[in-house]
Amino acid sequence: MPEMLEVESYRRLALRCLQRTIAEVDAPDPWYLKDGLSAAAVVDVLRGRRFDAARRTGKLLMLDIRDGPVLGLHFGMTGRLVVDGDVGAVDGLLYGPSRIAAAWVRLTVRFDDGGAMAMVDARRLGGITLDPDETALGPDAAVVTRKQLTTILDRSRAPLKAVLMDQRRLAGLGNLLTDEALWRAGLHPGRPANDLDAAEITKLHKAIRATLRICGQRGGSHTGDLVPHRQPGGVCPRTGVPLERLTIGGRTTWFSPARQHPSPRRGASVEPL
DNA sequence: CCGGATGTTCACCT
DNA sequence: GAGGTGAACATCCG
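Residues numbered from 1 in each chain as written. Chains lettered and ligands numbered in written order. Predicted model: local features only at pLDDT ≥ 70, side-chain atom pairs only at ≥ 80, totals over all residues. Heavy atoms only, no water.

**A word on the packing of helix α3 (residues 146-154) against helix α6 (residues 198-218)**
The relative placement of two packed helices is expressed as an angle between their axes plus a distance between the axes. For the record, the criterion: To get an axis, fit a line to the C-alpha atoms, keeping to the stretch in contact for a helix; angles then go from 0 to 180 degrees between the N-to-C directions. Working definition: helices are DSSP H or I runs of at least four residues, strands are E runs of at least two. Numbering for both runs from the N terminus. Here is the rule for handedness: rotate from the far helix to the near one, and if that takes an anticlockwise turn smaller than a right angle the crossing is left-handed, while a clockwise turn gives right-handed. A contact between two residues is defined here by any heavy atoms of the two lying within 4.5 Å. Residue classes follow a fixed rule: Ala, Val, Leu, Ile, Met, Phe, Trp, Tyr, Cys and Pro count as nonpolar, while Asp, Glu, Lys and Arg count as charged, and any other residue, Gly among them, counts as polar.
Two elements in contact, α3 and α6, have axes whose closest approach is 10 Å; the angle formed by their N-to-C orientations is 115 degrees. The chirality of how α3 crosses α6 is right-handed. Between α3 and α6, the residues in contact are Arg-146, Leu-149, Thr-150 and Leu-153 and Ala-198, Ile-201, Thr-202, Leu-204, His-205 and Ile-208, respectively. When grouped by side-chain class, the residues that make up the contact of α3 with α6 number six nonpolar, three polar and one charged.

**Quick word on the packing of aromatic side chains**
Just so we agree on the cut-off: The pairing test for Phe, Tyr and Trp rings, Trp by its six-membered ring, is centres within 6.5 Å, and the orientation test on the planes gives stacked under 30 degrees, edge-to-face over 60, and tilted for anything in between. The buried label goes to any residue with under 20% of its type's maximum accessible area, the exposed label to any with over 50%, and the partly exposed label to all in between, with areas taken from a 1.4 Å probe on protein chains only. The rule for a charge over a ring is simple: NZ of Lys or CZ of Arg within 6 Å of the ring centre, and within 35 degrees of the ring normal.
Taken as a whole, this structure holds one aromatic pair when the rule is applied. When the ring of Tyr-10 is compared with that of Phe-75, the centres are 4.7 Å apart and the planes differ by 50 degrees; the resulting orientation is tilted. Taken together, the residues Tyr-10 in helix α1 (residues 4-14) and Phe-75 in the loop between β4 (70-74) and β5 (79-83) connect sequence positions 65 residues apart. When its relative accessible area of 1% is taken as the criterion, Tyr-10 is described as buried. Sitting over the face of the ring of Trp-183, Arg-238 holds its NZ or CZ atom 4.6 Å from the ring centroid. Just above the ring of Trp-183 sits the side chain of Arg-259; from NZ or CZ to the centre is 5.3 Å.

Okay, here's the thing in structure tokens:
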């Protein structure tokens, strides 16, 4: 499933759709349309029009319809975007590119040039909206400033990982990217968010950016150094110590007890006499 | 057969 | 009010 890196690659794919006239629209799954949206309404706002821009905040892809509302696409865990038969630069997702069942196609937009854009989602965990509430999302993790991150963390004593994955506070990070960033920062996922000191926040901010840059270059959220070790018997790729598993924010969490300590004080003995 | 999986939302507790 | 848990969605994989 798409975390923000995958959605960003879908956005780039969607750029191929801009300025092409939409001839036909099919939204066969009413359940997939959110906020009481009807298939007829989707057809109505798209047919005969064209997309002016493809934007993204976090995991939300937004296509601006000229003289119309914004088409919002949420991909959930198994959603994918297909344009002109090309699934784009995302590899290694749960459902490989060769396995697309016709029944999983939740939206088809055919252009008058014979091409098409399709949203495919086996598990139906994603959804389609019109004029999605962009203000419901926090700043995108790729552009969040250190100052913004500080404010986000200071406002909650919930576990650090839960705060980082809360899309209303910070948009874009999912389970894999969050574990990877915390591992890179050397921070325990269960630390109270507002417990971090200035140096730790700086470290986290840098780790988030490094994670997005590196995994983005490698091709997606599943390309992190920690990912292949997120399983029973997995070891920290940096120290060789066995990884530990927790459930935080309802999600399976893997971390290295050697590098990610549950208390702020780590390593050096700082106890006075 | 069972449990878990890159996500979100909701009901229901504490 | 803030957080946590479990369920739901539907399918595949180990």
